[in-house]
Amino acid sequence: MSVISSWNLTISLNTTISLSWRSSLPSRAIFPRPKKPKTLVVLAIALGAKPTVLVAEKLGDAGIQLLRTFANVDCSYNLSPEELCTKISLCDALIVRSGTKVTREVFESAMGRLKVVGRAGVGIDNVDISAATEHGCLVVNAPTANTIAAAEHGIALLTAVSRNVAQADASVKAGKWERNKYVGVSLVGKILAVMGFGKVGSEVARRAKGLGMQVIAHDPYAPADRARAIGVELVSFEEALTTADFISLHMPLTPATSKMFNDETFSRVKKGVRIINVARGGVIDEEALLRALDSGIVAQAALDVFTEEPPPQENKLVRHENVTVTPHLGASTTEAQEGVALEIAEAVVGALKGELAATAVNAPMVPAEVLLELSPYVALTEKLGRLAVQLVAGGSGVKFVKVTYASARGPDDLDTRLLRAMVTKGLIEPISSVFVNLVNADFIGKQRGLRLTEERIVLDGSPEKPLEFIQVRIANVESKFASAISNSGEITVEGRVKDGKPHLTKVGSFGVDVSLEGSIVLCRQSDQPGIIGKVGNILSEENVNVNFMSVGRIAPGKQAVMTIGLDEEPSRDALKKIGEITAVEEFVFLKL
Ligand SMILES: NC(=O)c1ccc[n+]([C@@H]2O[C@H](COP(=O)([O-])OP(=O)(O)OC[C@H]3O[C@@H](n4cnc5c(N)ncnc54)[C@H](O)[C@@H]3O)[C@@H](O)[C@H]2O)c1
Ligand SMILES: O=C(O)[C@H](O)COP(=O)(O)O
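Calculation criteria
- Residues numbered from 1 in each chain as written.
- Chains lettered and ligands numbered in written order.
- Predicted model: local features only at pLDDT ≥ 70, side-chain atom pairs only at ≥ 80, totals over all residues.
- Heavy atoms only, no water.
- Helix = DSSP H or I, 4+ residues; strand = E, 2+ residues; numbered from the N terminus.
- Buried < 20%, exposed > 50% of the residue type's maximum accessible area, 1.4 Å probe, protein only.
- Contact = heavy atoms within 4.5 Å.
- Areas by Shrake-Rupley, 256 points an atom, 1.4 Å probe, with all protein chains shown as cover.
- Lys, Arg positive; Asp, Glu negative; His and termini not counted.
- Charge placed at Lys NZ, Arg CZ, Asp CG, Glu CD.
- Near = heavy atom within 4 Å.
- Polar contact = N/O pair within 3.5 Å; in protein donor to acceptor, adjacent residues only side chain to side chain.
- Nonpolar A, V, L, I, M, F, W, Y, C, P; charged D, E, K, R; others polar.
- Pairing = 2+ DSSP bridges.
- Axes fitted to C-alpha atoms, helices over the stretch in contact; angles between N-to-C directions.
- Parallel < 35°, antiparallel > 145°, perpendicular 65-115°, else oblique.
- Left-handed = near helix turned anticlockwise from the far one by under 90°.

Here we look at the overall build of the protein chain
Broken down by element type, the protein chain carries 19 helices and 25 strands. Its C-alpha atoms give the protein chain principal-axis dimensions of roughly 110 × 50 × 40 Å. The buried share of the protein chain, reckoned over its 592 residues, is 53%. In the protein chain, of all internal contacts separated by at least 6 residues, the share reaching a separation of at least 24 is 67%. Surface exposure of the protein chain reaches about 26200 Å², of which carbon and sulfur atoms provide 52%. Charge separation in the protein chain, taken as the distance between the mean sites of 65 positive and 66 negative side-chain charges, equals 1 Å.

Concerning the site of ligand 2
By nearness alone, every residue bordering ligand 2 is listed as R97, S98, R119, A120, G121, V122, G123, N146, R280, H328 and A331. Measuring from an oxygen atom of ligand 2, one finds a backbone N or O atom of V122 at 2.6 Å. One of the backbone nitrogen or oxygen atoms of G123 is found 2.7 Å away from an oxygen atom of ligand 2. Protein burial of ligand 2: of its 310 Å² of free accessible surface, 92% is covered by the chains. For the shell around ligand 2, the residue count by class is three nonpolar, five polar and three charged.

Overview of the sheet that holds strand β3 (residues 52-55)
As summarised here, the arrangement of the five strands in space is β4-β3-β5-β6-β7, forming an open sheet in which the pairing is parallel. Of all the strands in the sheet, the pair left with one neighbour each is β4 (72-75) and β7 (138-141). Strand-to-strand twist across the sheet, computed as the mean angle between neighbouring axes with direction ignored, equals 20°. Pairing of strand β5 (residues 93-96) with strand β6 (residues 116-119) involves four bridges; the strand directions are parallel. Residue pairing for β6: L94 is matched across the bridge by V117. Its contacts with the sheet place helix α2 (residues 61-68) against β3, β4 and β5, and it is angled at close to 145° to β4. Packing of helix α14 (residues 334-353) onto the sheet brings it into contact with β3, β5, β6 and β7, and relative to β6 it is tilted by some 170°.

A few points about the pairing of strand β24 (residues 559-566)
Of all the eight residues making up β24, seven are buried; the element is thus mostly covered by neighbouring parts of the structure. Of the pairings in the sheet, the one linking strand β22 (residues 519-526) to β24 comprises eight bridges and is antiparallel in character. Bridge pairing in β24 links S519 to L566. Across seven bridges, the pairing between strand β23 (residues 546-553) and β24 is antiparallel. Its bridge partner being in β24, V551 is matched across the sheet by M562.

Focus: the sheet that holds β23
Strand order across the open sheet formed by four strands is β23-β24-β22-β25, with antiparallel pairing between neighbours. Each edge of the open sheet is held by one strand with a lone partner, namely β23 and β25 (584-591). Ignoring which end each strand starts from, the neighbouring axes of this sheet average 15° apart. With seven bridges joining them, β22 and β25 adopt antiparallel strand pairing. The partner of Q525 across the bridge, within β25, is V584. Contacting β22, β23 and β24, helix α18 (residues 531-541) crosses the sheet at an angle of about 25° to β24. Along the sheet face, helix α19 (residues 572-580) touches β22 and β25 and points at about 150° away from the line of β25.

Describing the site of ligand 1
Taken together, 26 residues lie around ligand 1, and K199, V200, D219, V278 and D304 are the ones closest in. In the model, a nitrogen atom of ligand 1 is placed 2.9 Å from a nitrogen or oxygen of the V278 main chain. Isolated, ligand 1 exposes 850 Å² of accessible area, and the fraction of that covered by the protein chains is 87%. Taken together, the residues that form the shell around ligand 1 break down as 13 nonpolar, nine polar and four charged.

Considering the environment of C523
Secondary-structure assignment places C523 in strand β22. Its relative accessible area of 0% is what places C523 among the buried residues. In this structure the C-alpha to C-alpha distance between C523 and S483, which are 40 residues apart in sequence, comes to 9.1 Å.

Focus on the packing of helix α6 (residues 147-162) against helix α8 (residues 199-210)
For the pair α6 and α8, the least separation of the axes is 8 Å and the interaxial angle reads 50°. Comparing their axes, α8 and α6 come out oblique. Seen along the crossing, α6 lies across α8 with a hand that is right-handed. Contact with α6, carried on its side by T147, I148, A150, A151, E152 and I155, involves K199, V200, E203, V204, R207 and A208 of α8 and no other residues of that element. In terms of residue class, the contact of α6 with α8 is made up of seven nonpolar, one polar and four charged.

Written out as structure tokens, the structure is:
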């Protein structure tokens, strides 16, 4: 038995997984069965619950049209933060570009209705991701459609600064003819350091090589072979800083990259370096850049992005004669905006339909084929969680939960994030009013003090099935059904998938077998003839249909646990009558 202590995840960028939402759609299921992906949509439309999407910044027409095929679309631009907070409680989705700050207040004001925030672009630094996650709100972005536009803008600024295009243009327009003042520098043979070798950075590198530049790149996370493939050498931060004639910034704004270029870094650059920033303003300490420009350490800068956008009128950087500025135009080409609009509209509609887009920012991305295979186990884990928590005696509190996955597959072959989220959902939802989904499961679990550990049992045999059985145990609690406590002293429920359906196969130390649908009665009795009939009669008198029944006993004539699956919920009276059968020692009714 090995304890999983770290997640070994494969994130696929080209796949979708399914996830449904609770508030406006009338289903609590978190995963619609993949074979019927349209079910939730049909329900939503039939009940008139067409979702509302607030588009808070200008979005390309193709995207708006796509959104309108599925949702009510409210295009309200230039909302104040207060107006956004007021509107948001009426919206299921929000689409923004970089100009709207989606703060914690926005998520709080949504009061649970907002299910997805779509960022029509790459950078998500204007969205409070932690707050989104805490509120179970999915954040998706459109990471690919504006890559080329941003790279082209980077090259435009690179060539513009090397030849003083903006300054010379302003000079001529001011009636001057200063040919000697605006002598530029050549690009060919010069060293360009690309900082951040992701989508945009690598396209900039490719183009700069075409201009005859020697391109190096610094990116702690980029694979060297991807760089080598386009003739770029990955180097250390120090080497990039000290050798470059031009530095082009293409990393995201994160706590680690914030003010990455500051007085200290400028003190190490090659004198006369030229800096281009089409990434995010915050990666440069703007006051330090001003000092570096004034002292001549930095010869020129070209900035498309600023710490504060738009920058204040009196901003000295913007007015500096060696600085070329554009108003965050990197993504602003007709082609990129149409592409981004479609990319984000598809992602948002997909998310509202119950599919989790491949561009999810705050939820695990699971390949579709993995999801399909895991789907019945997803249902099983949620139901085991629901059963286990309902077996806890009032006042016990649930803290220590152990989930065991038994499989013949190697540990790296099983992505248990979905299953873990579903156990958490099953454990928490029956005893609280919070809505748990794949986005917020870990957060809600932690918030409620749940210590969920996972372990693997590696079985011999064929690894055809992803899992043989799953066990959920709750430690340090008492049970309202004493037989649910196994020899280890924990409430224990175990299940398997049989013919694609989740089954409960063990309660405490008793082997049982009941299909997990509807609700169930667990009943411990002394093993003797006639009990099944008596219970069956009580239920049939009430017109309650028994869909499954099994009896597991320790030994003939000793104690047995009867498991009865029910389609309808029996009345209190019927349950009382079951409890009054003489041989029945204890019983419990559990809702799935
Ligand atoms: N100006 C615009 O209109 C515009 C348009 C598109 C993208 N952008 C911005 O450009 C940046 C890059 O976008 P992308 O699509 O290429 O993103 P990306 O995620 O594909 O690439 C970012 C790269 O930065 C690297 N990185 C992370 N931390 C780093 C660090 N400390 N040092 C060096 N590299 C680091 C990552 O490993 C990654 O390879 C983002 O900030 C994005 O918001 C701006
Ligand atoms: O991160 C991005 O995608 C760019 O900064 C573009 O943002 P915008 O769409 O708000 O211009």
